[in-house]
Amino acid sequence: MSNSTIAKHSKAAFDESKSIRILSGLLESTGEIKTFFGENDKTPNYDGSFELVNDEQEPVKQFIVQIKKVDRLILNSKGKYDYRLKTNFLQYVKDKVTENPAIYFVVDLATEKVYWIYLSDETLIRLNFEGKKTVTYHFREEDSISNVEAFVLTIRKIARERNNFFVYKTPQQIAEIQDAVDYLNQHLNGDLKNIKERIFPDLWRVGIKYSVDHTVLFNDVPVPITGCVALYPQMRGRLDTGVREYDWNLSENMFTHFSLGSETDIKKYSEETLHKIVQNFFKLGIPYKFLPAVVLMEQIDPFVKESQRFFDTPTFQKLSIKEVRRRFILLHNYMCFLFTGHGVSENEKACVERAQSIIDHRKMNFYSIFECARSCREEFKKYCSSESEENISLRGKMFGFLQQESIRCFLAIMELQCRKIEEFTPVWNYNWYDWVYLDKKTYLENCKKICDRWLSNLSDLYIETYNNIFETTKFLVRDRFVYNLECTNFENTNFLTIESQHYQGEKFSLQMDSSCTSELSYPNIPEGLLSTCSSASIQRFIQNRRLYYDSICCLLYRGICKGLGFKEGDLPLYEHENVKFFL
């Protein structure tokens, strides 16, 4: 045994050199391909490239490659060779919309045969590799390069097809498209993957449509459009490229943008579009699987309170989640019963008439139903007595008439049941409209009690929700806030405002300080102060009674905006109103 301390070359190093020699020699043997494969290549995403040349030896197309070696491929019982593909290169090719096609080579060192896969979009979809470190590919004998001339003809065909997607684009436009789609896909498949799943449940990759110099008719007048750009969803199982010329398929196009007089700034477009996708996530609502139990209770709290009048149970009596679900279904089914013409009493007919007048103008929520059905309590009791208590289930199609808020209430009930939480716990026991005309002192005291409980719990609930959604700390709000509540009275109506001071911190926190004010001047500026704020929007949060949920949404949104460099705007949390955060 040698005791030398001189570094030795491993067998793997010799095998790597051999695999590159075999592949390079094979591809270059006809003089139609020039290879650029580097041994021990440290390029993080691929192992090199080769160029296809014309009769004058001029490059006409570049291909990027991954090169893997194996001592010997083993034939399985079906006459194919099983090989485990590493997915990091597959993910790179999927995320990159590029005019350079990608080839995965596997070199069998024992037989010196080379097997290959063209990583087209169709192949990538079929491999279904997301979330896996490796996937098995079954090579056939015809997947080896036994005839170099035939291989080159196939490669030339691939090059022509790929070029067709970019035939009307300048090199600068191609680069802009690549960067724009890379930016969107990398974020949506990376840190924002749960947002992507909420907005585009079956999305495989975002595609882009882009064309220049269109003319469109507005009121029969031709208007020149310098640039037309839109996203479209490339769904799993649907085979196409990630790049198209712009078309007028309005049912497919998303976030369409027209430019007049100047070319479209594709980089700016992609950033603004990602910002809109984030805002739409909060408009649709955070999936309930990510929310703490108390926030789910908060979501169904108003329904429980409003439905109490239809059920003969004391307000102080504890309810099971099963009972809350039963109430929702009974009220839903009763409205279906009435809308299908089964109501016979004058009260029921009047209820349908009132409800129909609401539906003619907008979708209903359960509060509208309660108001319409308030005169039908006895009829509703009679209906309930005829319903079986076993296996009660939704019937009819009232969901089509209901607002999102009411549908999400039912989903929150179902999520609590899935978590095997048995008892409903009321969250907010107040009615803001009863406070408005109280004297100023009493009103402020009531608000402080609510805010003390709300804001003291908010930090932990926010962090729990954040950790359920994100695997990165990049979007985590860590700021420290000091606040004070003030009340003004105008024309016998009370208005609540919050004065806050913003400091840098290690963990998001809120602290009440009765001396806190937003009006500061030099030299009375506390050390470390970043900004101050005075806001009346806090009253909107209290009025809506979704204090935890709405403020968690605002904090998540603020962190994403800061992490991605977006300008923070108002959030579309309510049906017809955007919300501005009060901090």
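Before going into details, it helps to say that this report is about the structure given with it. (Residues numbered from 1 in each chain as written. Predicted model: local features only at pLDDT ≥ 70, side-chain atom pairs only at ≥ 80, totals over all residues. Heavy atoms only, no water.)

**Notes on the overall build of the protein chain**
This is how it is decided: Starting at the N terminus, helices and strands are each numbered in turn, a helix being any DSSP run of H or I of at least four residues and a strand any DSSP run of E of at least two. Remark: exposure states derive from per-residue accessible area (1.4 Å probe, protein chains only) relative to the maximum for the residue type, with buried under 20%, exposed over 50%, and partly exposed in between. Throughout, a residue-residue contact means that at least one pair of heavy atoms, one from each residue, lies within 4.5 Å. Under the convention used here, a 1.4 Å probe and the Shrake-Rupley method define accessible areas, while residue burial counts only the protein chains that appear.
In terms of regular secondary structure, the protein chain is built from 17 helices and 19 strands. For the protein chain, the proportion of its 583 residues judged to be buried stands at 49%. Counted over contacts in the protein chain with a minimum sequence separation of 6, partners at least 24 positions apart contribute 69%. Entry remark: accessible area of the protein chain is about 30,200 Å², with carbon and sulfur atoms responsible for 50%.

**Here we look at the side chain of R546**
Inspection of the secondary structure assignment puts R546 in the loop between α16 (538-544) and α17 (547-564). Here R546 is in contact with E298, Q299, F541, L573 and Y574, once residues within four sequence places are set aside.

**Describing unusual backbone geometry**
Its identity is not glycine, yet E112 carries a phi of approximately 60 degrees, on the positive side. As for its position among the elements, E112 is in the loop between β5 (102-108) and β6 (113-118). Backbone geometry places R545, a non-glycine residue, at a positive phi of 65 degrees. Assignment of secondary structure puts R545 in the loop between α16 and α17.

**Considerations on the pattern of salt bridges**
Between side chains of opposite charge, a pair can form when the charged atoms approach closely. To keep it simple, the criterion reads: By definition here, a salt bridge exists when the distance from a side-chain nitrogen of Lys or Arg to a carboxyl oxygen of Asp or Glu is within 4 Å.
This structure, assessed with the given rule, holds 20 salt bridges. One salt bridge in this structure joins K94 and E130, with 2.9 Å as the shortest N-O distance. Linking K94 in helix α2 (residues 87-95) with E130 in the loop between α3 (121-127) and β7 (134-139), this pair joins segments that are 36 residues apart in sequence. Note on E130: relative accessible area 22%, which makes it partly exposed. Through salt bridges with shared partners, a single network forms among R140, E142 and D143.

**Quick notes on the environment of L75**
Relative to the helices and strands, L75 is located in the loop between β3 (59-70) and β4 (81-86). The class of L75 is partly exposed, set by a relative accessible area of 48%. Sequence separation between L75 and F139 is 64 residues; the distance between their C-alpha atoms is 9.3 Å. Sequence-distant contacts of L75, that is, excluding residues within four places in its chain, are made with K80 and Y81.

**Quick look at the nonpolar core**
The criterion, for reference: Note on terminology: a nonpolar core comprises buried Ala, Val, Leu, Ile, Met, Phe, Trp, Tyr and Cys residues joined through side-chain atoms within 4.5 Å.
F282, I286 and W454 are the most contacted members of the largest nonpolar core, which totals 113 residues. Sorting elements by how many residues they give to this core places helix α15 (residues 440-469) first, with 13 residues. Judged by nonpolar contacts, the second largest core, of 25 residues, contains L23, V65, Y118 and I155.

**Details of the packing of aromatic side chains**
Keep this limit in mind: Working definition: a ring pair exists when centres of Phe, Tyr or Trp rings (six-membered ring for Trp) sit within 6.5 Å. Plane angles under 30 degrees give stacked, over 60 give edge-to-face, the rest tilted. Whether a charge lies above a ring is judged from NZ of Lys or CZ of Arg, which has to be within 6 Å of the ring centre and within 35 degrees of the ring normal.
In total, this model carries 34 aromatic pairs according to the counting rule given. With 5.3 Å between their ring centres and 50 degrees between their planes, F303 and F328 make a pair best called tilted. One end of the pair, F303, is in helix α8 (residues 293-307); the other, F328, is in helix α9 (residues 321-339), with 25 residues separating them in the sequence. Since its relative accessible area comes to 2%, F303 is described here as buried. The side chain of R453 reaches across the aromatic face of W428, ending 4.5 Å from its centre.

**Observations concerning the sheet that holds strand β17 (residues 529-535)**
For the record, the criterion: In this analysis, strands are considered paired if DSSP registers two or more bridges between them. Every axis corresponds to a line fitted to the C-alpha atoms, with the helix fit spanning only the stretch in contact, and the corresponding angles, defined between N-to-C directions, vary from 0 to 180 degrees.
Across the sheet, which stays open at both edges, the four strands sit in the order β16-β14-β15-β17 with mixed pairing between neighbours. The sheet is open, and its two edges are formed by β16 (509-512) and β17, each paired on a single side. Neighbouring strand axes in the sheet, compared pairwise and without regard to direction, differ in orientation by 25 degrees on average. α15 contacts β14 (480-490), β15 (493-503) and β16 of the sheet and is inclined by roughly 155 degrees relative to β14.

**Some thoughts on the sheet that holds strand β1 (residues 33-37)**
Taken in spatial order, the five strands of this open sheet run β1-β2-β3-β5-β6, and their pairing is mixed. Looking along the sheet, the strands with just one partner apiece sit at the ends: β1 and β6. Direction aside, the axes of adjacent strands within the sheet are offset by 30 degrees on average. By the bridge criterion, six bridges tie β5 to β6 in an arrangement that is antiparallel. Within β6, the residue paired with V107 across the bridge is V114. In the packing of helix α4 (residues 148-164) onto the sheet, contacts are made with β1, β2 (48-53), β3, β5 and β6, and the angle to β3 comes to roughly 120 degrees.

**Observations regarding the environment of L90**
Mapped onto the elements, L90 comes out in helix α2. Spatially, the C-alpha atom of L90 lies 9.5 Å from that of Q66, the residues being 24 residues apart in sequence. Leaving out residues up to four positions away in the same chain, L90 has contacts with Y104, L119, L124, L127, F129 and V135.

**With respect to the packing of α8 against α17**
The following threshold applies: We call two directions roughly parallel when the angle between them is under 35 degrees, roughly antiparallel when it is over 145, roughly perpendicular when it lies between 65 and 115, and oblique otherwise. Charged residues are taken to be Asp, Glu, Lys and Arg, nonpolar residues to be Ala, Val, Leu, Ile, Met, Phe, Trp, Tyr, Cys and Pro, and polar residues to be all remaining types, Gly included.
With their axes 8 Å apart at the nearest point, α8 and α17 run at an angle of 120 degrees to one another. Of the possible angle classes, the one that applies to α8 and α17 is oblique. Residues V294, V295, E298 and Q299 of α8 lie in contact with α17, whose contacting residues are L547, Y548, Y549 and I552. Considering only residue class, the contact of α8 with α17 consists of six nonpolar, one polar and one charged.

**Section: the side chain of D121**
Threshold: N or O atoms closer than or at 3.5 Å make up a polar contact, with two conditions inside protein: a donor-capable atom paired with an acceptor-capable one, and, for residues adjacent in sequence, both atoms drawn from side chains.
Among the secondary structure elements, D121 is positioned in helix α3. Assessed through its relative accessible area of 9%, D121 is described here as buried. At a separation of 2.7 Å, a polar atom in the side chain of D121 contacts the side chain of R205.

**Structural notes on the packing of α8 against helix α13 (residues 404-418)**
For clarity, the cut-off: Note: crossing handedness is left-handed where the near helix turns anticlockwise from the far helix by less than a right angle, and right-handed where it turns clockwise.
Interhelical geometry of α8 versus α13 gives an angle of 135 degrees and a closest axis separation of 9 Å. As the angle between them shows, α8 and α13 are arranged oblique. The handedness of the crossing between α8 and α13 comes out as left-handed. Counted together, A293, L296, M297, Q299, I300 and F303 of α8 and C409, A412, I413, E415 and L416 of α13 form the full contact between these two elements. Looking at the contact of α8 with α13 residue by residue, the classes come out as nine nonpolar, one polar and one charged.

In short, geometric facts, not functional conclusions.
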